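Understanding the architecture of this molecule
Okay, here's what each chain looks like letter by letter:
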Number of protein chains: 2
Amino acid sequence: MDEKDSSRILDALSSRRTIVNQCLTSHIDTIGPDQLSEASNHLFIAGGKRLRPVVCLIAAETIYNQDLSPFPYQGLIDSTGTSVNMLDAASSLELIHIFTLIHDDIMDDDDLRRGVPSVHQKFNTNTAILAGDILYSKAFETLGNSAEHSSNVSRALTSLATVCSDICEGQALDVQFGKMDLVSIEEYLRMIELKTGVLFAESAALPAQLLGQPPEVIDALYNFGLLAGKAFQIYDDLLDLTTPSSVLGKQRGSDISEQKQTILTIHATNSGVDLNSFHNDQNSCPSESDMDSLVEALEDSGTISYAHELSHDLSTQAKQQLELLPSNPSRELLSDIVDFFCQRDH
Amino acid sequence: MDEKDSSRILDALSSRRTIVNQCLTSHIDTIGPDQLSEASNHLFIAGGKRLRPVVCLIAAETIYNQDLSPFPYQGLIDSTGTSVNMLDAASSLELIHIFTLIHDDIMDDDDLRRGVPSVHQKFNTNTAILAGDILYSKAFETLGNSAEHSSNVSRALTSLATVCSDICEGQALDVQFGKMDLVSIEEYLRMIELKTGVLFAESAALPAQLLGQPPEVIDALYNFGLLAGKAFQIYDDLLDLTTPSSVLGKQRGSDISEQKQTILTIHATNSGVDLNSFHNDQNSCPSESDMDSLVEALEDSGTISYAHELSHDLSTQAKQQLELLPSNPSRELLSDIVDFFCQRDH
């Protein structure tokens, strides 16, 4: 992807992120009392790409398939003639995402998130639990109020609930894997499907559910998000190891030093690479040169190229799902976003 | 209420509790992996009255107003001819209730619940957070799948989400009040309305929402539950102080020794009673004779009779809400349940 393409995609993401942020502000600001409000706002204010709501908006444009400017996210018309506020619906996805970050940080005892102290560090664990809980219910409230009550809204809410159950099971598996010596590639892929994939899947499918599109359109978008989400996660695993700490914004190789199971550690272990020397001492971070040696070993074992190919295959499969949808610039953008996030440097 | 009446009400609660338990088992058993499943099951297995789902079922019988035996909870027909599984819908309320107990116990650092170690004590805090989270989403999934997707289901899901946001705000206020010297009666009543009242309100209103009843019926049942829930909570505050520990199943006067704000402490403080002598030493529990002296002081200050009257007034107002509904034995039972829980010994 050349610089011009990257810049075009970044602009497309940025313009949609701006309106998502305005909408999110209005919903998070309804939370009270004071300390709970601040804690719920903390990670939202700290930043974030808003990739899930932005994917939702672009998927809505794709299936709406009309050349409208400005695009009427707040007044899209569904299959029964009812007005849908797609901006509210999209925002619900980020509320779920922030809830998972807050609770995951408690469970993983992570002190930093989005460059600021995690919520339980900044406030306390009790406040962080409650902030996650209220963002969770605000997500369902926001989605439930995004259109007149209808079978479409009912379907979308139920689908989001199933996704949230999946995310919890994915997190439980991730925690469990940290205590296991051997995890198979299949088990790992299932875990990231649950922990990461399904929320991207719902992000892409939500507009089709709310607009009352046929099941095959909903399924195509769901599978697009599911495959893309897994491709992103595997590429993230790669970046954690191959990007300098200064560019990554956190300690390079933290997955390895924290003994987390990733596609890389599993493939490397299966290929006979000894990872123990990189995480024997949990209190000291591996140096950049340690990491360079590890990357070299993983290149020799074929691990790096295996992960690159897997991420690439998943993103190709993701993009193929879009063929069922109307061909328009928004569909191209969905496709480009997958390439962008699976080819980026950090 | 005489012994015969009490026995009739207990039988009515018990028979419905049995079928609710069967339904809950089938939903909680879908949770995986192993440790998360055990943790999610822990408080459910430990017991509980299932008062919220049982109230939901009796409210359903009241508005359905047909003499059917056995009552077809799993095949009730809504205003559009769609079949509703009211047993699933009712179960979702208990899933929310158990979620709140698990997270509240972490926040309040309570070691015991329903006579067994709390979930974070039995497992660990991380597992307890995640068990609460998955029960939360299972509740929405269960309710969302209780009937074909429709505007009625959408309304019920959105209403449950709003109730959950209210519960979180109520819990935040409860925590906040524990650090405040002065809380007004109005502030306290608002807190218990949010923390306890709204879930009872939703329990009573849910069948009317799902069956597509007119707004005035939904509102009457919602207000019935809201007022009854507040009456129950105030009566609970009274029982905490006036019932011997052996009967209560936990330390008598724990609200006072833990310096929790209740309707009693607020009224007593406003009436010039010095409560400090009862909670100066947080490490030692007050003795039964200390508690007897306190009760005597609160009788003299009019606090006990004030709380009794308030609980009685709220339960009277709750029962008045039922006048709009069809007059039948189930409506009588709803009314009797309020009296039963606001006149019981423990």
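None of the values given here were measured: they were computed from a predicted structure. (Residues numbered from 1 in each chain as written. Chains lettered and ligands numbered in written order. Predicted model: local features only at pLDDT ≥ 70, side-chain atom pairs only at ≥ 80, totals over all residues.)

We now examine the overall build of chain A. Scanning chain A from terminus to terminus reveals 16 helices and 4 strands. Taken against the 2.2 N^0.38 rule, which gives 20 Å for 346 residues, the C-alpha radius of gyration of chain A at 20 Å falls within 12% of a compact globule. Projecting the C-alpha coordinates of chain A onto the three principal axes gives extents of approximately 60 × 45 × 35 Å. Excluding contacts between residues fewer than 6 apart, the proportion of contacts in chain A whose partners are at least 24 apart in sequence is 75%. (Helix = DSSP H or I, 4+ residues; strand = E, 2+ residues; numbered from the N terminus. Rg over C-alpha atoms; globule rule 2.2 N^0.38 Å. Contact = placed C-beta atoms within 7 Å.)

Let's shift gears to helix α12 (residues 263–270) of chain A. Residue and element names in this part refer to chain A. Summarising burial for α12: 6 of the 8 residues are buried, a large majority. Residues I263, L264, T265, I266, H267 and A268 constitute the buried set of α12. The secondary structure elements touched by the buried residues of α12 are α8 (185–210), α9 (215–242), α11 (254–257), α14 (288–300) and α15 (303–321). Looking at the residues trailing α12, positive phi occurs at G272, about 85 degrees. (Buried ≥ 20, exposed ≤ 12 C-beta atoms within 10 Å, placed from the backbone.)

This part takes up the confidence of the model for chain A. Per-residue confidence for chain A gives a mean pLDDT of 93, with 97% of residues at or over 70. Of the two predicted TM-score estimates for the complex, the pTM is 0.96 and the ipTM is 0.95. (pLDDT = per-residue confidence, 0-100.)

Before going further, it helps to examine the relation of the copies chain B and chain A. Two copies of one chain are present, and they are related through a rotation about an axis combined with an axial shift. Rotating chain B by 180 degrees and translating it 0.0 Å along the rotation axis places it on chain A, where the RMSD comes to 0.0 Å. In symmetry terms, the pair is related by a two-fold rotation axis. When each C-alpha of chain B is compared by its distance to the rotation axis, S154 of chain B comes out closest, at 2.1 Å. (Least-squares fit on C-alpha atoms with pLDDT ≥ 70 in both.)

Another point: the packing of helix α6 (residues 125–144) of chain A against helix α7 (residues 151–177) of chain A. Residue and element names in this part refer to chain A. The contact between α6 and α7 brings their axes to 10 Å, and the two run at 160 degrees. The angle between the axes of α6 and α7 places the two elements in the roughly antiparallel class. The chirality of how α6 crosses α7 is right-handed. Here F140, L143 and G144 of α6 come into contact with α7, specifically with V153, A156, L157 and L160. Grouping the constituent residues of the contact of α6 with α7 by class yields 6 nonpolar, 1 polar and no charged. (Axes fitted to C-alpha atoms, helices over the stretch in contact; angles between N-to-C directions. Parallel < 35°, antiparallel > 145°, perpendicular 65-115°, else oblique. Left-handed = near helix turned anticlockwise from the far one by under 90°. Nonpolar A, V, L, I, M, F, W, Y, C, P; charged D, E, K, R; others polar.)

Let's shift gears to the interface of chain B and chain A. At the interface, 37 residues of chain B touch 37 residues of chain A. Counting only elements with at least two residues in the side of chain B that touches chain A, the list comes to α4 (86–108), α6 (125–144) and α7 (151–177) of chain B. Class assignment for the residues of the side of chain B that touches chain A results in 17 nonpolar, 15 polar and 5 charged.

Moving on to the nonpolar core. The biggest cluster of nonpolar side chains holds 212 residues, and the ones touching the most others in it are L221 and A231 of chain A together with L221 and A231 of chain B. Apart from residues lying up to four places away in sequence, A231 of chain A is in contact with S311, L314, S315, A318, V338 and C342 of chain A. (Core = buried A, V, L, I, M, F, W, Y, C linked by C-beta atoms within 7 Å.)

Further remarks concern the environment of E187 of chain A. Structurally, E187 of chain A can be placed in helix α8. Along the primary structure E187 of chain A and S151 of chain A are separated by 36 residues, whereas in three dimensions their C-alpha atoms are 35 Å apart.

Below, the discussion takes up the environment of Y235 of chain A. The topology assignment puts Y235 of chain A in helix α9. In this structure the C-alpha to C-alpha distance between Y235 of chain A and H312 of chain A, which are 77 residues apart in sequence, comes to 8.9 Å.

A few words now on helix α16 (residues 329–341) of chain B. In an α-helix, one turn spans 3.6 residues; hence positions three or four apart end up facing the same way. Residues and elements named next belong to chain B. For α16, with 13 residues, the first-to-last C-alpha span of 18 Å sits near the 18 Å given by 1.5 Å per residue. Inspection of α16 places S330, R331, L333, L334, S335, I337 and V338 among the buried residues, and these make up the whole buried set. Where α16 is buried, its residues meet α1 (3–28), α3 (51–64), α9 (215–242) and α15 (303–321). (Expected span 1.5 Å × (residues − 1).)

Our next topic: unusual backbone geometry. Residue and element names in this part refer to chain A. With an omega dihedral of -5 degrees, the bond running from S69 to P70 counts as a cis peptide bond. Topologically, P70 is positioned in the loop between α3 (51–64) and β1 (76–77). Positive phi, close to 55 degrees, is recorded for R50, a residue that is not glycine. Among the structural elements, R50 can be located in the loop between α2 (34–46) and α3. A tally of 26 C-beta atoms within 10 Å means that R50 is categorised as buried.

Residue and element names in this part refer to chain B. Structurally, D292 can be placed in helix α14 (residues 288–300). Its 12 C-beta neighbours within 10 Å are what place D292 among the exposed residues. Once the C-alpha coordinates of D292 and P244 are considered, the two residues, 48 residues apart in sequence, prove to be 9.8 Å apart.

Residue and element names in this part refer to chain A. Two elements in contact, helix α1 (residues 3–28) and helix α16 (residues 329–341), have axes separated by 10 Å at closest approach and are oriented at 115 degrees. For the element pair α1 / α16, the angle class is roughly perpendicular. Our pair here, α1 against α16, has a crossing hand that is left-handed. Contacts between α1 and α16 involve D5, S6, I9 and A12 on the former and, on the latter, L333, D336, I337 and F340. Split into classes, the residues belonging to the contact of α1 with α16 amount to 5 nonpolar, 1 polar and 2 charged.

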